[in-house]
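# What the coordinates show
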Amino acid sequence: MWFPPLPVVIPLIVAASLVAIGAYLPRRVLDLVACATAASVFAICCHLVAASADQPIVYWFGGWRPEHRFALGICFVIDQAGAGLAALVSLLVLAAFLFSWQYFESVKSLYHALMLVFLAGMCGMCLTGDLFNLFVWFELMSASGVALCGYKSEEFGPLQGALNFAILNTLGAYLSLTGVAIVYASVGALNFAQASASLAAHDPGGWLVPIAFLFVISGFLVKAAAFPFHFWLADAHAVAPTPVCILFSGVMVELGLYAAARVYWSVFAIPLAAHSSVTGALFLTIGTLTVIVGGIECFSQRHLKRLLAFSTISHTGVMFLGVGLLSADGLGGTAIYLLGHGLVKGGLFICAGILLHRFRSVDEFELHGKGRELPWTGLLLLLGALGLAGMPPFATFFGEGQLADSARRHGLGWVSGVMMLSGILTSAAVLRIGGRIFLGWGLRRPFDSDEAPAIPMESETHGGHRNTPGTMWLPALALIAGAMAVALAPSVRIAALRAAHRMEDTRGVTDHVLLGTPMAAVPEVHIAPALGELWKPAVNVACAALLALAALFPRALGRARRAVVHAIERAIHPLRAMHTGRVGDYVAWFILGVGVYGAMLVFGYRR
Amino acid sequence: MRHPGRMGIFFTGAAAVAALYALSAIRLPGPEDVRGEYMRIINGECVTFRHVTDAVTAVNFDFRGFDTLGEEFILFVSVMGTLVLLRQTDAKPGAWAPDALSPGRAVGASDALRVWILAMTGPTVLFGIYTVIHGQLTPGGGFQGGVILATAPLLLYLAESFDVFRRITSHRYLEIVEAVGAGAYGVIGLLALFRGREFMANIFHLGKGGNDINLFSGGTIPVINAAVGIEVTAGFVLLLYAFLQEMLERKEAGS
Amino acid sequence: MIGMQLAILAIVAAAGGAVVFTRKPGEQVVGASFFGLMLALMFFIFQAPDVALSQLVIGAVALPLMVLLAIAKTRSTQMRQDHEREQPRKPEREHGRHGPDEGRFSPPDEERPPADVRQPPGRPREAR
């Protein structure tokens, strides 16, 4: 058993060696080493996906196997969901390294080292089977993420964005740690399986379990940019370098969601089983609010990176809805959706990076019509917008179909409506900005002449800016093509559903980890019929296109335009007013959010 | 948001969170009936099987050594991140000439204070090294000893000047030493794989018999402990170095 | 023993509160250092001497030192800026407080501004 620890250990050791000797290596070697590391981690993760198809791999570090159901050491519990997510992580890291190949300015070897440590932290989060270990990798991911976010620290914005990121995430991490401590203090166990078994066997009573659950996941909710913990995300994305944005939006945010779902299914599902409807309602509330707020904010941005960041928030809301269904097929749909969204969003951020590379700006109005020189980038952006809208053959289409099917069978048909809203608003925003930049449609400047100036952006790259190097657009093409191809084969969708079944089978996993009993075979899974859902993307794209056109050519609205615009502005103003950019406000919202969600749980769990 | 509004939101939320915490804390077991199986098992195991008397170190570097690997890299990446954030991009190479930075005494240290501090530096180093290498026998270890060791150059800065600090510590070598310390942890863990064991398995020579407990009886534990001590020392000095440099040299360049 | 534990917990709580409610950064650092010292004592009393050792160095020495340096740095930067403001020679880019948020809401679906307000197409970017 060589492979399980390697996705974490290899990047860590390579990062340390790069810091030690990187100053003596030419840039090309650094890039090569970093790419090779990410690629090998990807290969190992793919191997782990294949190897865990039958039974989850349980790997006890240091050989400390549990005795009498008591875990002394730490274990990795690698199932297909975790290994698959780790594979996606390493793939996106590889794409980010390719994008920054030779062009992105690096301070000695620190950029490569930080990215590799980031990769290790994310892989560790995907694979771990231990509460405190999860927290360690979460912190490692956050620490390297903050450093990467403020990487261009010679400017003012990145420092502030990184500071907001650091403070909010640290607060969330404190609460998570408090939750872990509560669990440990009450049952004396940190291992997922053991904690779950002990909590179920000796119920501490009162509200301890739901509150511990809320505390543990609140750190992950901050990372997942759930409403109202999402404020830092847009600030961080707006200032972080493009390759880092690819990872933030493509996987880091989703990892917060994954960790929350993983902790629920691995530890809390059985102790909280009697009130699962309350937990589901909590996730559904978070998801709905996040979809709506993210979508509206997304449509009202003019800075492409911020726009994409808010789109990520909206789509994370969709995934929260999927988790909130608390069922295996919902979870499977979420997995498919996550895969598609991560690839599409990575590709879209690379498009933004290409624009930044060429024009030193990602502002909608400043770039008006300039994108005509870059028709292929425009095409990729268009494809990405269709992917966000859930158009077949993108994986988001199949994921959404699965989610809608699952929601309908749970009597929650409205959920699919909320999901469609996310697709419409985000793809309309991307279509609008694409139309303005690449086709030169619409106004050249916003209506308000006293509009605050665009955020000054420094170029991230040096060297010739006349053309776009292949190492920039090839990853974008590959990611978007991958998002189209990955879920076409029904076998992938079936694998995702089977992985979700495995992840959800708490009792089976517990026995497998603590006693080594093989898990029962996964029941026959049914992939949702896709053809019947075809009207949805059609409606999505039609609505999105109409919305985008209305935004580009407000004259066509005729006499109603002023009333419409003002109504929208009035409705949106409070939302926008919450984004003050001041970290004190964000902290206040965070604390209030935890309090309100906690009150929801406490009143829901009243016995 | 205006100040009162923010405070109102914050205190409402904080009251709710405090209530939540209280609701969960009252259900925790008291000190008498705390579920201490882990403690009991570790206390038995670490002396008989690991020949180590400090159970905390045994947990940190053996039973849950994989966690500590992550924690060590959190420190590593935090130091690297600080270096990135504090890096001087606008400083011209000329502004770094040694004569341009003679901030003199950092504080107006009196002679009596200087003598005391200088006299304490040696014992501090000694105590740091002691804490590191006795990590497996008595409370302490790489992390604790490392931070103590890192205060030695700080004492020199307080007694003398940043110049002295710079003379005895080299940015370049510190970075290398830190990386080597961090990487060594991973490599030692990896060695077990080549022996056909699990990652982080304790493959080095352990003491024999129940009472064979000395500085080196813990197998990989003292080795990892030393690596962590090196990493923490170098990382902390690097951190202090970056802060002092940022402060003092910018001031010089600005005036 | 339990009395000592309660006492140290009360002291830590009071010191923590004092740090939060001190407004002046310089005084806050001294408070934070004391708080760190008391935390170390608390860890010691609760039988975690190794944690107390690291807390002693980090909480009571390293952290206050870094904050002190940061404060001194901010002050010197501010003094320099004030100095430059008195004798303005070269305009420096203003960093407003709005940070990364670009400010007010502007719905893109606004009506076209009058022709004379419109800027010429392809506004040239200022050279950097």
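These numbers were taken from a predicted model, which means no experiment stands behind them.

Rules and cut-offs
- Residues numbered from 1 in each chain as written.
- Chains lettered and ligands numbered in written order.
- Predicted model: local features only at pLDDT ≥ 70, side-chain atom pairs only at ≥ 80, totals over all residues.
- Heavy atoms only, no water.
- Helix = DSSP H or I, 4+ residues; strand = E, 2+ residues; numbered from the N terminus.
- Buried < 20%, exposed > 50% of the residue type's maximum accessible area, 1.4 Å probe, protein only.
- Contact = heavy atoms within 4.5 Å.
- Areas by Shrake-Rupley, 256 points an atom, 1.4 Å probe, with all protein chains shown as cover.
- Patch = residues over 30% accessible without salt bridge, like charges linked within 9 Å, V, L, I, M, F, W, Y side chains within 5 Å.
- Salt bridge = Lys/Arg side-chain N within 4 Å of Asp/Glu carboxyl O.
- Polar contact = N/O pair within 3.5 Å; in protein donor to acceptor, adjacent residues only side chain to side chain.
- Buried area = accessible area lost by both parts, 1.4 Å probe.
- Core = buried A, V, L, I, M, F, W, Y, C linked by side-chain atoms within 4.5 Å.
- Expected span 1.5 Å × (residues − 1).
- Pairing = 2+ DSSP bridges.
- pLDDT = per-residue confidence, 0-100.
- Axes fitted to C-alpha atoms, helices over the stretch in contact; angles between N-to-C directions.
- Parallel < 35°, antiparallel > 145°, perpendicular 65-115°, else oblique.
- Left-handed = near helix turned anticlockwise from the far one by under 90°.
- Nonpolar A, V, L, I, M, F, W, Y, C, P; charged D, E, K, R; others polar.
- Phe/Tyr/Trp six-rings, centres within 6.5 Å; stacked < 30°, edge-to-face > 60°.

Our focus in this paragraph is the overall build of chain C. Helices and strands together make up the secondary structure of chain C, namely three helices and zero strands. In chain C, which comprises 128 residues, the proportion classed as buried is 34%. Restricting the contact set of chain C to residue pairs at least 6 apart, pairs at least 24 apart contribute 51%. Of the accessible surface of chain C, which amounts to about 8,500 Å², a share of 64% is contributed by carbon and sulfur atoms.

Our next topic: the overall build of chain A. Each helix and strand counted, chain A has 22 helices and two strands in total. Taken across its 607 residues, chain A has 67% of its residues classed as buried. When contacts within chain A are restricted to residue pairs at least 6 apart in sequence, long-range pairs at least 24 apart make up 83% of them. On chain A, roughly 17,900 Å² of surface is accessible, and the fraction owed to carbon and sulfur atoms is 68%.

A cluster of nonpolar side chains, Trp2(A), Phe3(A), Val187(B), Leu191(B) and Phe194(B), forms an exposed patch at the surface whose accessible area comes to about 470 Å². Examined against the element boundaries, Phe3(A) turns out to sit in the segment before α1 (6–21).

A separate point is the side chain of Thr151(B). Residue and element names in this part refer to chain B. Positionally, Thr151 belongs in helix α6 (residues 142–159). Here Thr151 falls in the buried class, since its relative accessible area comes to 14%. At 2.4 Å, the side chain of Thr151 forms a polar contact with the backbone oxygen of Ile148.

Time to look at the interface of chain B and chain A. Interfaces are often described in size by the accessible area the parts lose on coming together. Each partner contributes residues to the interface: chain B has 60 residues there, and chain A has 77 residues. Across the chain B to chain A interface the summed buried area is about 6,000 Å²; carbon plus sulfur atoms make up 73%. Taken together, the links from chain B to chain A amount to three salt bridges. Asp130(A) is the salt-bridge partner of Arg64(B), the closest N and O atoms lying 2.7 Å from each other. For the side of chain B that touches chain A, the secondary-structure elements that each account for two or more residues are α1 (3–25), α2 (37–48), α3 (55–63), α4 (65–86) and α8 (171–194) of chain B. Broken down by element, the residue count for the side of chain B that touches chain A peaks at 15 residues, all from α4(B).

Here the focus is the nonpolar core. Judged by nonpolar contacts, the single largest core of 274 residues is most densely connected at Phe268(A), Phe66(B) and Phe199(B). For this core, the element with the most residues is helix α10 (residues 242–268) of chain A, which contributes 19 residues. The residues contacting Phe199(B), other than those within four sequence positions of it, are Pro5(A), Val9(A), Tyr59(A), Phe61(A), Gly62(A), Phe66(B), Leu69(B), Gly186(B), Gly189(B), Leu190(B) and Leu193(B).

Residue and element names in this part refer to chain A. For helix α16 (residues 414–439), which comprises 26 residues, the first-to-last C-alpha distance of 36 Å matches the rise-based estimate of 38 Å (1.5 Å per residue) to within 8%. Of all the 26 residues making up α16, 22 are buried; the element is thus mostly covered by neighbouring parts of the structure. Gly440 sits one or two residues past α16 and shows a positive phi near 75°.

Residues and elements named next belong to chain A. A two-sided burial pattern is seen for strand β2 (residues 75–78), the buried positions comprising Cys75 and Val77 on one face and Phe76 and Ile78 on the other. Relative to β2, strand β1 (residues 57–60) is paired through four bridges, and the arrangement is antiparallel. Note that in β2 the partner of Tyr59 across the bridge is Phe76.

This model, assessed by the stated rule, comprises 18 salt bridges over all chains. For Arg64(B), the salt bridge is made with Asp67(B), and the minimal N-O distance between the two is 2.8 Å. Residue classification places Asp67(B) among the buried positions, given a relative accessible area of 2%. The network of salt bridges with common partners includes Asp329(A), Asp405(A), Arg408(A) and Arg409(A).

Low-pLDDT portions of the prediction should not be read for the details of their coordinates. With 95% of its residues at a pLDDT of at least 70, chain A reaches an overall mean of 87. Predicted confidence is poor over residues 448–453 of chain A, with pLDDT under 50, and the contacts of this stretch with residues over four places away or in other chains come to ten contacts.

Glancing now at the environment of His112(A). Residues and elements named next belong to chain A. The topology assignment puts His112 in helix α4 (residues 110–127). Sequence separation between His112 and Cys35 is 77 residues, and the spatial gap between their C-alpha atoms is 9.5 Å. Setting aside residues up to four positions removed in sequence, His112 forms contacts with Leu18, Arg27, Leu30, Asp31, Ala34, Phe97 and Ser106.

The next subject is the side chain of Lys536(A). Checked against the element boundaries, Lys536(A) lands in helix α20 (residues 535–552). Discounting residues that sit within four places of it in the chain, Lys536(A) has contacts with Ala404(A), Ser416(A) and Met420(A).

Here we come to the packing of helix α12 (residues 304–324) of chain A against α16(A). Residues and elements named next belong to chain A. Across the interface, α12 lies against α16 with an axial gap of 10 Å and an inter-helix angle of 165°. What the angle tells us is that α12 and α16 run roughly antiparallel. α16 is crossed by α12, and the crossing has left-handed handedness. Contacts from Leu304, Leu307, Leu308, Ser311, Ser314, His315, Val318 and Leu321 in α12 reach Val415, Val418, Met419, Ser422, Thr426, Ala429, Val430, Arg432 and Ile433 in α16. Considering only residue class, the contact of α12 with α16 consists of eleven nonpolar, five polar and one charged.

Quick look at the packing of aromatic side chains now. Here the structure, examined in full by the defined rule, presents 29 aromatic pairs over all chains. Judged by centre distance (5.3 Å) and plane angle (80°), the ring pair of Phe76(A) and Phe66(B) falls under edge-to-face. Taken together, the residues Phe76(A) in strand β2 and Phe66(B) in helix α4 connect one chain to another. For Phe76(A), a relative accessible area of 0% corresponds to the buried category. On the basis of an interplanar angle of 85° and a centroid distance of 5.5 Å, the ring pair of Phe165(A) and Phe248(A) is categorised as edge-to-face.

Let us now look at unusual backbone geometry. Residues and elements named next belong to chain A. Cis geometry is adopted by the peptide bond preceding Pro228, which originates at Phe227 and carries an omega value of -5°. Structurally, Pro228 is set in the loop between α8 (208–223) and α9 (231–239). Here Pro392 and Pro393 are connected by a cis peptide whose omega angle stands at 5°. Residue position: Pro393 is located in the loop between α14 (375–388) and α15 (395–409). For His68, which is not glycine, the phi torsion reads 50° and is therefore positive. Tracing the backbone shows His68 in the loop between β1 and β2.

So, on to helix α5 (residues 131–149) of chain A. Residue and element names in this part refer to chain A. Taking 1.5 Å per residue as the helical rise, α5 with its 19 residues ought to reach 27 Å, and the 26 Å between its terminal C-alpha atoms agrees with that figure. Along α5, 16 of the 19 residues are buried, which leaves the element largely enclosed by surrounding structure. One side-chain oxygen at the N-terminal end of α5 lies 3.1 Å from the backbone nitrogen of Phe132; it belongs to Asp130.

Residue and element names in this part refer to chain A. For the pair α4 and α5, the least separation of the axes is 8 Å and the interaxial angle reads 150°. As the angle between them shows, α4 and α5 are arranged roughly antiparallel. For the pair α4 and α5, the crossing hand works out as left-handed. Taking contact as the criterion, the partners of Tyr111, Leu114, Met115, Val117, Phe118, Gly121, Met122, Gly124 and Met125 in α4 are, on α5, Leu134, Trp137, Phe138, Leu140, Met141, Ser144, Gly145, Ala147 and Leu148. Of the residues contributing to the contact of α4 with α5, the split by class is 14 nonpolar, four polar and no charged.

Here we take up the environment of Gly384(A). Residues and elements named next belong to chain A. Positionally, Gly384 belongs in helix α14. Taking the relative accessible area as the measure of exposure, Gly384 reaches 0% and is therefore buried. Apart from residues lying up to four places away in sequence, Gly384 is in contact with Val344, Leu348 and Ile480.

Looking now at the confidence of the model for chain C. All names here are of chain C. Residues at a pLDDT of 70 or more form 65% of chain C, whose mean pLDDT is 70. For chain C, the element scoring lowest by mean pLDDT is helix α3 (residues 49–86), at 80; helix α1 (residues 2–21) scores highest, at 92. For the stretch residues 89–128, pLDDT sits under 50, and the model shows 77 contacts to residues farther than four places along the chain or on other chains.

Quick look at the environment of Gly235(B) now. Positionally, Gly235(B) belongs in helix α9 (residues 220–254). In sequence terms Gly235(B) and Ala179(B) are 56 residues apart; their C-alpha atoms lie 8.8 Å from each other.

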